[in-house]
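Summary of structural features
Listed below are the residues making up each chain.
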Amino acid sequence: MQIGLVGLGKMGGSMRERIRAAGHTVVGYDTDPGRSDVGHLSDLVGRLDGPRAVWVMVPAGATTQHVIDQLGSLLKPGDTVVDGGNSRWTDDEKHARELGARGIGFVDAGVSGGVWGLEHGYALMVGGDEEHVQRLEPIFEALKPDGPYGYVHAGGVGAGHFAKMVHNGIEYAMMQAYAEGWELLEKVDSVDNVREVFRSWQAGTVIRSWLLDLAVDALDEDAHLEKLRGYAEDSGEGRWTVEAAIDNAVPLPAITASLFARFSSRQEDSPQMRMVAALRKQFGGHTVTSADRPGPVAPGSTVAPGSPGSPDGA
């Protein structure tokens, strides 16, 4: 089968290689000439026989919209576009309408596998009409991991990216749980080999996982993670998961807390905690820490109501 692939970065470039290894023809386009098979997007379309299929693997939002707008003017009725980036499912519905008005099919594909996908395969969660999805199944089979699992037609347009969004929300919560457990183990004096504790969990425990394996790899590189700053970005999909939960009245306390923990990681000094400290001093006479010096500043020599151990402490 022939397919065009737009966006040849870390994932797109590896996907091109895996599809070709399965015996298919891939024409790739990237704004970096060193990666690209053709000079322009129009050249990519011209190299494909109809009905064409073009897989878009570029950053979500404006960049994806720009590429789909271009493809809409270059492709013909009967062709199909696949968005394999991390687009929001509501964007999929818009893209399907726009392309459908020109007779062009649209499929959304949530793709998981990261930098390991070339070797191990990519998990694919796909949304779209059956006729469009079925036509692309040889490509999905080439990309997915070996064996019976790793590819699902999740439903109509938007279902693939919605499923991938929920996948990423679960990933947030799992990473946060490992991180919290690691910090607690590091904190106590009785445990003196946290890395090996994590390694021991890799076999025979209910919390073993690929994420745990990667955590052990990270600790092998830096036993106490002293080379890193405690700062974590979010991809956007964690936020969308929480927003979807609110829209559907579904409680997601673990995923929501893990998202907020990432926000906290970006603050060198928490404004919220300054207010909490100020309130505790006001109602309970608790000690506070001055912004000018590291040690605590006692509000007075007597223990005021609300101090630790008193009934109205907080």
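In what follows, the structure referred to is the one given above.
Time to look at the overall build of the protein chain. Helix and strand counts for the protein chain stand at 13 helices and nine strands. When the backbone C-alpha atoms are referred to their principal axes, the protein chain occupies close to 85 × 40 × 35 Å. Per-residue burial for the protein chain yields a buried fraction of 38% across its 314 residues. For the protein chain, the exposed area adds up to about 17,300 Å²; of that, 55% sits on carbon and sulfur atoms. Between the mean site of the 28 positive side-chain charges and the mean site of the 43 negative ones, the protein chain shows a separation of 3 Å.

The subject of this paragraph is the packing of aromatic side chains. Aromatic ring pairs: the centre-centre distance and the angle between the two ring planes describe each pair. Scanning the model with the defined rule gives six aromatic pairs in all. With a centroid separation of 6.4 Å and 85° between ring planes, the pair formed by Trp-116 and Trp-210 is classed as edge-to-face. Note that Trp-116 is positioned in the loop between β5 (105-112) and α5 (117-120) and Trp-210 in helix α10 (residues 210-221), a separation of 94 residues in sequence. Given a relative accessible area of 38%, Trp-116 falls into the partly exposed group. An aromatic cluster is present here, built from Trp-55, Phe-140 and Tyr-151 joined pairwise through their rings.

Our next topic: the pairing of strand β1 (residues 2-6). Within a regular strand, the side chains alternate between the two sheet faces. Counted residue by residue, β1 has four buried out of five residues, so it is predominantly covered. The pairing of β1 with strand β2 (residues 25-29) spans five bridges and is parallel. What sits directly across from Gln-2, in β2, is Thr-25. Remark: the β1/helix α1 (residues 10-21)/β2 crossover connection has right-handed handedness. Direction of pairing for β1 relative to strand β3 (residues 53-56): parallel, over a ladder of three bridges. Within β3, the residue paired with Val-6 across the bridge is Val-56.

With that settled, consider the packing of helix α3 (residues 62-74) against helix α4 (residues 89-100). In the contact formed by α3 and α4, the axes pass within 10 Å of each other and the chain directions differ by 15°. Between α3 and α4, the angle is such that the two are roughly parallel. The two elements α3 and α4 cross, and the hand of that crossing is right-handed. Each of Thr-64, Gln-65, Ile-68, Asp-69 and Gly-72 in α3 lies in contact with α4, whose residues at this interface are Lys-94, His-95, Glu-98 and Leu-99. The class makeup of the residues in the contact of α3 with α4 is two nonpolar, four polar and three charged.

What follows deals with the environment of Glu-237. Among the secondary structure elements, Glu-237 is positioned in helix α11 (residues 237-247). Residues Glu-237 and Gly-169 lie 68 residues apart in sequence; the distance between their C-alpha atoms is 6.8 Å. With residues near it in sequence (within four places) discarded, Glu-237 still touches Asn-86, Lys-164, Met-165 and Asn-168. Among the polar contacts made by the side chain of Glu-237, one reaches the side chain of Asn-168 at a distance of 2.5 Å.

Time to look at the packing of helix α8 (residues 159-187) against α10. Where α8 meets α10, the axes come as close as 11 Å, and the angle between the chain directions of the two elements is 45°. Taken as axis vectors, α8 and α10 run oblique relative to one another. Both α8 and α10 take part in a crossing whose hand is right-handed. Only Leu-211, Leu-212 and Leu-219 of α10 make contact with α8, whose side of the interface consists of Glu-171, Met-174, Met-175, Tyr-178 and Trp-182. Residues that form the contact of α8 with α10 fall into these classes: seven nonpolar, no polar and one charged.

Rules behind the numbers
Residues numbered from 1 in each chain as written. Predicted model: local features only at pLDDT ≥ 70, side-chain atom pairs only at ≥ 80, totals over all residues. Heavy atoms only, no water. Helix = DSSP H or I, 4+ residues; strand = E, 2+ residues; numbered from the N terminus. Buried < 20%, exposed > 50% of the residue type's maximum accessible area, 1.4 Å probe, protein only. Areas by Shrake-Rupley, 256 points an atom, 1.4 Å probe, with all protein chains shown as cover. Lys, Arg positive; Asp, Glu negative; His and termini not counted. Charge placed at Lys NZ, Arg CZ, Asp CG, Glu CD. Phe/Tyr/Trp six-rings, centres within 6.5 Å; stacked < 30°, edge-to-face > 60°. Pairing = 2+ DSSP bridges. Right-handed = clockwise from strand over helix to strand, strands pointing away. Axes fitted to C-alpha atoms, helices over the stretch in contact; angles between N-to-C directions. Parallel < 35°, antiparallel > 145°, perpendicular 65-115°, else oblique. Left-handed = near helix turned anticlockwise from the far one by under 90°. Contact = heavy atoms within 4.5 Å. Nonpolar A, V, L, I, M, F, W, Y, C, P; charged D, E, K, R; others polar. Polar contact = N/O pair within 3.5 Å; in protein donor to acceptor, adjacent residues only side chain to side chain.

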